[in-house]
Amino acid sequence: GRYPVVIFSHGAFGIRFQSIFFTIQLASHGYIVISADHQFNTLNEILVDGYESAELVYSALHRPRDIFALLDWIEAKGQDEADDFYDLVDMENVACTGHSFGGLTSYIVTVDPRIDAIIPMSPAADMVNAFTNTFGNTPIEELSIPTLCMAGEQDKTLQYQSQQRDPFDTQQAPKWLLSLPRAGHYTFTDSCMMNLEELQAYWEDADDAIRDGCGETNFDWHEAHKVINLYGISFLNHFLRHSPAAATRLVPESAAAWGEEVEFLAFPE
C-alpha cells in the first residue's frame, strides 16, 4: 500500500540526523520520513564559522520553503513510474515534526493544506504569529490542526512557560501536550547519546547539552526517548493511519506508569 509522510525539521544549527532515535523509529513503523539539512543553519556552519545570529533570520524565512519543496519532491517521486517510490507515497496523510527552531517551523508550515498534523518538540511557539504576514499561516490562538506539543519543563535554551506552555494553552483543540518535568532542551535529540564530557573540549554545545537535558539531574534519556517515541507514534498512527486503537494511548491516564516523570494533557475537542 501507500505510506504516510512525515517531514522532520532540525533545530537551529542542528543537522538532519540529530534525532534519529525518533525518525528511524517512525520509519520502522511504516512512515516515509524525510529529514533534510536547512542550508546555512546546520551544525556544519556553527562548527566552521561560529554562531551567526543573522543566519537565524535567513533560515526562518527559508525553512518553511524547504518543507514545501520536500513535499513537492516526494509527491513527484510517488507519481513517477520510473522511481522506487512510485505509488508508495500517501500524500493524503502528511505530518510535520521538528525540534526547537524546527518545532516553530512545523507550526508555520500548517499553511500548506497537505499538512494534516504536527509534532513540535521544544518549540519556540511564541514566535508563530510573527510569520503570519510572510507565509499567511494561522495565528496560534486560531490554529486547530491536530497538534502534539512536546516540551521539557527544565528547558534552559528556551522558556518552557512563555514559549511552549502559554502558546499551547491559547491554541484551539484538538491538541495534546507531552510535558516532561525533568527534561531539558536536548532531551529531545540524540545529543545525550554522545560522550559529552569528552566533547566539551571541542564542542561548546556539549556543555550546553549536559546542563540542558542530558545531565544527572535530568530524566534519564533512555526512558525519555521511549516516552517520546510511544506518544509520537501513537499520535501519528491515530491521525495518519486513522487507528482507533492508537487513540486509547492519547489520554492523561496513560502517563501513570512513569509517575511524576511524565505529564500528558489531552484536549481532543
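This text follows the structure it describes.
Here the structure is a predicted model, which is why all the values come from computation and not from measurement.

1. Some details on the nonpolar core
Generally speaking, soluble globular proteins have nonpolar side chains that are buried together.
So, step 1. Ranked by internal contacts, the top residues of the largest apolar core, which has 36 residues, are V5, I7, Y107 and I115.
So, step 2. The set of elements that each furnish at least two residues to this core consists of β1 (3-9), β2 (32-35), α3 (53-79), β3 (89-99), α4 (101-108), β5 (147-152) and α6 (160-170).
So, step 3. If you tally residues by element for this core, the top one is α3, at 6 residues.
So, step 4. Excluding its chain neighbours within four sequence positions, the residues that come into contact with Y107 are I118, P120, P123, A125, V128, I140, L143, T147, C149 and Q171.
So, step 5. Core analysis: the next-biggest nonpolar cluster, separate from the first, contains 30 residues, L26, L148, A224 and A255 among them.

2. Here we look at the pattern of salt bridges
So, step 1. Per the counting criterion, the structure on display carries 9 salt bridges.
So, step 2. For R114, the salt bridge goes to E75, with nearest N and O atoms at 3.1 Å. Here R114 is found in the loop between α4 and β4 (117-121), whereas its partner E75 is found in helix α3, with 39 residues between them in sequence.
So, step 3. With relative accessibility at 18%, the residue R114 sits in the buried group.
So, step 4. Residue classification places E75 among the partly exposed residues on the basis of a relative accessible area of 26%.
So, step 5. Measuring nitrogen to oxygen at the nearest pair gives 3.5 Å for the salt bridge that ties D169 to R165. Here R165 and D169 lie together in helix α6, a separation of 4 residues that amounts to about one turn.

3. Section: the side chain of S254
So, step 1. Here S254 shows up in the loop between α10 (244-247) and β7 (263-267).
So, step 2. Only 2.7 Å separates the side chain of S254 from the side chain of Y231, close enough to count as a polar contact.
So, step 3. Dropping the residues within four chain positions of it, S254 is found in contact with Y231, R249 and F264.

4. Some words on the packing of helix α1 (residues 20-28) against helix α9 (residues 221-239)
So, step 1. Relative to each other, α1 and α9 sit at 40°, their axes nearing to 10 Å. In this view, α1 runs oblique relative to α9, as classed from their interaxial angle. Here α1 and α9 pass one another in a crossing that is right-handed. Residues F21, F22, Q25 and L26 of α1 form the contact with α9, whose own contacting residues are H225, I228, N229, G232, I233 and L236.
So, step 2. In terms of residue class, the contact of α1 with α9 is made up of 6 nonpolar, 4 polar and no charged.

Conventions and cut-offs
- What you see as residue numbers is a count from 1 along each chain, following the sequence as written.
- In keeping with the model being predicted, local features are shown solely for residues with a pLDDT of at least 70 and side-chain atom pairs are shown and tallied solely at 80 or more, while totals for entire chains, interfaces and linings include all residues.
- The side-chain numbers reported here are obtained from all heavy atoms of the structure, hydrogens and water having been left aside.
- Note on terminology: a nonpolar core comprises buried Ala, Val, Leu, Ile, Met, Phe, Trp, Tyr and Cys residues joined through side-chain atoms within 4.5 Å.
- Working definition: with a 1.4 Å probe on protein chains only, accessible area under 20% of the residue-type maximum means buried, over 50% means exposed, and in between means partly exposed.
- In this description a helix means any DSSP run of H or I spanning at least four residues, a strand means any run of E spanning at least two, and both kinds are numbered starting from the N terminus.
- Residue contacts are defined here by distance: any two heavy atoms, one from each residue, within 4.5 Å place the two residues in contact.
- Basic side-chain nitrogens of Lys or Arg form a salt bridge, by our definition, when they fall within 4 Å of a carboxyl oxygen of Asp or Glu.
- N or O atoms closer than or at 3.5 Å make up a polar contact, with two conditions inside protein: a donor-capable atom paired with an acceptor-capable one, and, for residues adjacent in sequence, both atoms drawn from side chains.
- All axes are obtained by fitting lines to C-alpha atoms, using only the stretch in contact for helices, and the reported angles, taken between N-to-C directions, cover 0 to 180 degrees.
- Put simply, angles under 35 degrees are roughly parallel, angles over 145 are roughly antiparallel, angles from 65 to 115 are roughly perpendicular, and the rest are oblique.
- By convention, the crossing between two helices is left-handed when the near helix turns anticlockwise from the far helix through less than a right angle, and right-handed when the turn is clockwise.
- Ten residue types, Ala, Val, Leu, Ile, Met, Phe, Trp, Tyr, Cys and Pro, are classed as nonpolar, four, Asp, Glu, Lys and Arg, as charged, and the remainder, Gly among them, as polar.

Distances and angles like these do not, on their own, reveal function.
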